[in-house]
Protein chains: 2
Amino acid sequence: MKTMTGRTQGADSSLREVLAMAAGETAQVHGIVHTLRDLGDVRFMLLRMPQGTLQCVLTGEGPAVREGDAVRASGEVAKDERAPGGAELHVTALTVLASAAEPMPVPIGKNRMNLTLDTDLSLRFVTLRNLRRRAVFKVQEGVVRGFREALQREGFTEIHSPKIVAQNAEGGANLFRMEYFGRRAYLAQSPQFYKQAMVPVYERVFEIGPVFRAEKHNTQRHLNEYTSMDFEMGFIDSFEDVMQMETKVLQTIMQVLKTDYAPQLSLLGVTLPEVGEIPTVRFDEAKRMVSEKYHRPIRDPFDLEPEEEQLISRLFEEEYGSEFVFVTHYPSKKRPFYAADDPEDPRYTLSFDLLFRGLEVTTGGQRIHDYQTQVEKMRKKGLDPADFEGYLMIHKYGTCPHGGLGLGLERLTSRLLGENNVREACLFPRDQQRIEP
Amino acid sequence: MKTMTGRTQGADSSLREVLAMAAGETAQVHGIVHTLRDLGDVRFMLLRMPQGTLQCVLTGEGPAVREGDAVRASGEVAKDERAPGGAELHVTALTVLASAAEPMPVPIGKNRMNLTLDTDLSLRFVTLRNLRRRAVFKVQEGVVRGFREALQREGFTEIHSPKIVAQNAEGGANLFRMEYFGRRAYLAQSPQFYKQAMVPVYERVFEIGPVFRAEKHNTQRHLNEYTSMDFEMGFIDSFEDVMQMETKVLQTIMQVLKTDYAPQLSLLGVTLPEVGEIPTVRFDEAKRMVSEKYHRPIRDPFDLEPEEEQLISRLFEEEYGSEFVFVTHYPSKKRPFYAADDPEDPRYTLSFDLLFRGLEVTTGGQRIHDYQTQVEKMRKKGLDPADFEGYLMIHKYGTCPHGGLGLGLERLTSRLLGENNVREACLFPRDQQRIEP
């Protein structure tokens, strides 16, 4: 009887292993043919491998091969400064493991493909093979890792909450409805209720998962499905504890990227932001500062317009050298029913947004923990507490002062990489026109 | 101007820190009152903290406090063998930070609450505060960590694929439909297409996320939304490479649980399975063995009945001492269109299920990588390749021999913990009757 033992090592070398070999050593590798230059008696085959590309030199006879083929190659390592990584493989044996059926529809081998975003997204299964494209989502992996590692170290427990729900935390019109065995159900706009419910269980929790917003806006900043990185923490002394934790998380993310994702950042020409200290500014004060400095009238006293977010970012970058800024104390009118009001002035909440390079990437704050206070605020907002009987069990049976936030993965990634359109930082974006691929 | 610096340490001690202190040292802690025994001149307050419970002894006057209240307490550490962890806190100062509005509706302080599953699930926001309940989902966190850490070490890249899709990989009747800006869309049954698409990009990918199945079955084994742990790996020599990788993953999971989750496993009385070697058996051979040993006629030659899965598990446990068994070479008729057929006998596929303690927890196998082969298999299955134009780009423009699997988080957790109903291992389960809380 055959048994599995967990043996996972193959005979092939990784790119890093090949690049570390001395000239003259023999290596066997596998990869997909990224580009091919046929000069007649010599063929230069650039192999796409997980850690980068390896230049393979084919001379003499050998099997036919073309871009997109999966091959295994063995040969002798030679040092050559012109090759990526400073080494190449002089191939002595080549096996085609799988063949592409057609030539590439777009030049994925080029550094920049110069496609419209629409073409890029429609051919996503192909265009992601471009080295710059795949670097974007490798960096995104690093962002997720940094978020998770920071919180694990701080004692947070990872949870998985349902996406099919009977009720939504954020309310409003941007709900996706679905049929659920003859009933009406919705897709979750956020894990808000669930992460709050878990605070009296684990004190600190986080979740990284999809959220769904039926936004009618077709802007560069909106996706109808995105990955939200959420955390919620109990026993806070102030909503500043939540901002401190986010600062810590961002510091860890940048550290992880710097340490483990340098090749991708270099390929993309990205300079990481400094995040040693993040300034804070009150919402009303930020509005006033921007209005004064940039001679811009305040039109909506209760919310920030996208242009104001950009100007606040610009002002804090120009005057304080920070690409991040926490805007605090948003008006109660514009925050959800679970937001804790400022006891010093209940027209404002103990809440914040984090702006990064002109874009809101986080919304967070302290939540109401007291049952009566929550019931009253619901009533003041025109909501019937009876509709929230399940949710209110959290408060009724006791929770602690707590707060948390949601950090939009695609928004953060797109700003990190200097992309204006958030779709560039989403593997397979969903917008009003697009549910494929 | 106030700035955030990432300072995240409070003044309070964790439970581990308190238990490590010498008798007579002073400590300040916070937690939620888990149980309270009032003996008149002395009150025993068991504090629920993330790492366990701390017995606090209150004497003399002090604020009124009840179960569910969030408190901060300081006092002197005393050693007492009768207290959990061998130490207790003689409280000299107590502050109530938040108050419960009503007494607990169920005895969450008891080891076993003796609730029906239905009551437990309806009161989930409260019942999860029970120490056994929260231990279940802490162990589940460890399972996820083990899965992720094993694959990260093996060079897999983490991805996030969309859950709103135009098309589904598994087909069949168990699709959830939704309205998407006037179009028909579906919830993803699996990340199958997307993880296959990412193989020519990163070679090895994984995803941990929700999947949705509109199963009509209301059994102990089915959920309508569950967390799937998926991976897909390129350049495999055989589908055995996928089973080897899963064995490695399971070994890592058990190691992580053993190292970091011992208190929870001990509380739940769980013995971890041995997973040094996992036997394999062909589908037809397994059917025959079970039929012979347990005198059970073979009714469905193309699929395993739940009872057969249980008997196969029993047989391999009895005869080979393994609680895991890979059943390989499922009939082509019952596997999806992307399953690679066995070249030696195309009535069977290069696929497998993993059975664990009587339940299928994984389905996996090698996928078709050749464009023409995939087009032909679709036709043979009565599918129109034109409907899969997007998906077929993967094959048309070149991929490598690859395979992968999906591991059901709740099923694996429930079997690990010896729970018969998979709902016990899902934070907020979704079934035909239940979309709340």
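What you see is a predicted model, and the numbers here were worked out from it, not measured in a lab.

Undergrad: Which parts of the structure should I look at to understand the overall build of chain A?
TA: Along its length, chain A carries twelve helices and 17 strands. For chain A, the spread of C-alpha atoms along the three principal axes comes to 80 × 65 × 40 Å. When the 437 residues of chain A are sorted by exposure, 50% land in the buried category. Taking contacts inside chain A between residues at least 6 apart in sequence as the whole, the part at least 24 apart equals 63%.

Undergrad: Is there a simple way to think about the relation of the copies chain B and chain A in this case?
TA: Superposing the two chain copies requires a rotation about an axis and a translation along that axis. The transform that puts chain B on chain A rotates by 180 degrees and translates by 0.0 Å along the axis, for an RMSD of 0.0 Å. Such a combination of rotation and displacement between the chain copies is what one expects of a two-fold axis. The rotation axis passes nearest to the C-alpha of Met178 of chain B in chain B, at a distance of 2.3 Å.

Undergrad: Help me out: how do you make sense of the environment of Leu89 of chain A in this one?
TA: Position of Leu89 of chain A among the secondary structure elements: in strand E6 (residues 87–98). Counting along the chain gives 61 residues from Leu89 of chain A to Gln28 of chain A, while the straight-line C-alpha distance between them is 9.2 Å.

Undergrad: Hey, could you run me through the interface of chain B and chain A in this one?
TA: For interface size, the figure often reported is the accessible area lost on association. Each partner contributes to the interface: chain B provides 91 residues, whereas chain A provides 91 residues. In terms of residue count, helix H6 (residues 240–260) of chain B provides more of the side of chain B that touches chain A than any other element does, six residues in total. Looking at the side of chain B that touches chain A, its residues break down into 46 nonpolar, 23 polar and 22 charged. Taken together, the two bridges between strand E1 (residues 3–4) of chain A and strand E13 (residues 278–282) of chain B define a ladder with antiparallel strand orientation. Across the sheet, residue Met4 of chain A finds its bridge partner in E13 of chain B, namely Ile278 of chain B.

Undergrad: Honestly, the sheet that holds strand E12 (residues 225–234) of chain B in this entry has me stumped. Any pointers?
TA: Strand order across the open sheet formed by nine strands is E1(A)-E13(B)-E14(B)-E15(B)-E16(B)-E17(B)-E12(B)-E11(B)-E7(B), with mixed pairing between neighbours. Two strands close off the open sheet at either side, each with one partner strand: E1 of chain A together with strand E7 (157–158) of chain B. Pairing between E13 of chain B and strand E14 (residues 324–328) of chain B: three bridges, direction parallel. Paired with Thr280 of chain B across the bridge in E14 of chain B is Phe326 of chain B.

Undergrad: How should unusual backbone geometry be read in this particular structure?
TA: Most peptide bonds adopt trans geometry, and most residues besides glycine take a negative phi value. Cis peptide bonds are those with omega within 30 degrees of zero, and the linkage from Glu436 of chain A to Pro437 of chain A qualifies with -10 degrees. Take Pro437 of chain A: it is sitting in the segment after helix H12 (409–416). One non-glycine residue, Arg357 of chain B, adopts positive backbone phi at about 50 degrees. Its location among the elements puts Arg357 of chain B in the loop between strand E15 (351–356) and strand E16 (359–366). A tally of 18 C-beta atoms within 10 Å means that Arg357 of chain B is categorised as partly exposed.

Undergrad: I would appreciate a short explanation of the nonpolar core in the present structure.
TA: Note that soluble globular proteins tend to have their nonpolar side chains buried in a common cluster. Leu89, Val325 and Val327 of chain A together with Val325 and Val327 of chain B are the most contacted members of the largest nonpolar core, which has 243 residues in total. Apart from residues no more than four positions distant in its own chain, Val327 of chain B is found in contact with Val281, Phe283, Ala286, Ile312, Phe352, Asp353 and Leu355 of chain B.

Undergrad: Teacher, can you tell me more about the pairing of strand E10 (residues 183–187) of chain A here?
TA: The side chains of a regular strand alternate between both faces of the sheet. Residues and elements named next belong to chain A. As defined by bridge partners, strand E8 (residues 164–165) adjoins E10 across two bridges and the pair is classed as antiparallel. The residue of E10 that forms the bridge with Ile164 is Leu187. As paired elements, strand E9 (residues 177–180) and E10 share four bridges and run antiparallel to each other. Each residue of the ladder has a partner; that of Glu179, found in E10, is Arg184. Where E9 folds back on E10, the antiparallel hairpin that results is connected by two residues, among which Phe181 adopts a positive phi of roughly 50 degrees.

Undergrad: I tried to follow H12 of chain A on my own but got confused; where do I start?
TA: In an α-helix, one turn spans 3.6 residues; hence positions three or four apart end up facing the same way. Residues and elements named next belong to chain A. H12 sits mainly inside the fold: eight of its eight residues count as buried. Along H12, the positions that sit buried rather than exposed are Leu409, Glu410, Arg411, Leu412, Thr413, Ser414, Arg415 and Leu416. On its buried face, H12 sits against helix H4 (131–153), strand E12 (225–234), strand E15 (351–356), strand E16 (359–366) and strand E17 (402–408). Residue Gly418 follows H12 closely and has a positive phi angle near 70 degrees.

Undergrad: For this particular structure, what's the right way to read the confidence of the model for chain A?
TA: Keep in mind that low pLDDT regions are not for reading the predicted coordinates in detail. Summary statistics for chain A give a mean pLDDT of 96 and a share of 100% for residues scoring 70 or more. Both confidence scores are given for the complex: pTM 0.98, ipTM 0.98.

Undergrad: What should I look at first to understand the pairing of E12 of chain B in this one?
TA: All names here are of chain B. For E12, the buried fraction is high: ten of the ten residues fall into the buried class. Residues Glu225, Thr227, Met229, Phe231 and Met233 line one face of E12 and the alternating positions Tyr226, Ser228, Asp230, Glu232 and Gly234 line the opposite face, and both faces are buried. Bridge count for strand E11 (residues 204–212) against E12 is nine bridges, and the pairing is antiparallel. Note that in E12 the partner of Pro210 across the bridge is Thr227. Relative to strand E17 (residues 402–408), E12 is paired through seven bridges, and the arrangement is antiparallel. Bridge assignment links Met229 to a residue of E17, and that residue is Leu407.

Quick notes on the rules
Residues numbered from 1 in each chain as written. Chains lettered and ligands numbered in written order. Predicted model: local features only at pLDDT ≥ 70, side-chain atom pairs only at ≥ 80, totals over all residues. Helix = DSSP H or I, 4+ residues; strand = E, 2+ residues; numbered from the N terminus. Buried ≥ 20, exposed ≤ 12 C-beta atoms within 10 Å, placed from the backbone. Contact = placed C-beta atoms within 7 Å. Least-squares fit on C-alpha atoms with pLDDT ≥ 70 in both. Nonpolar A, V, L, I, M, F, W, Y, C, P; charged D, E, K, R; others polar. Pairing = 2+ DSSP bridges. Core = buried A, V, L, I, M, F, W, Y, C linked by C-beta atoms within 7 Å. pLDDT = per-residue confidence, 0-100.

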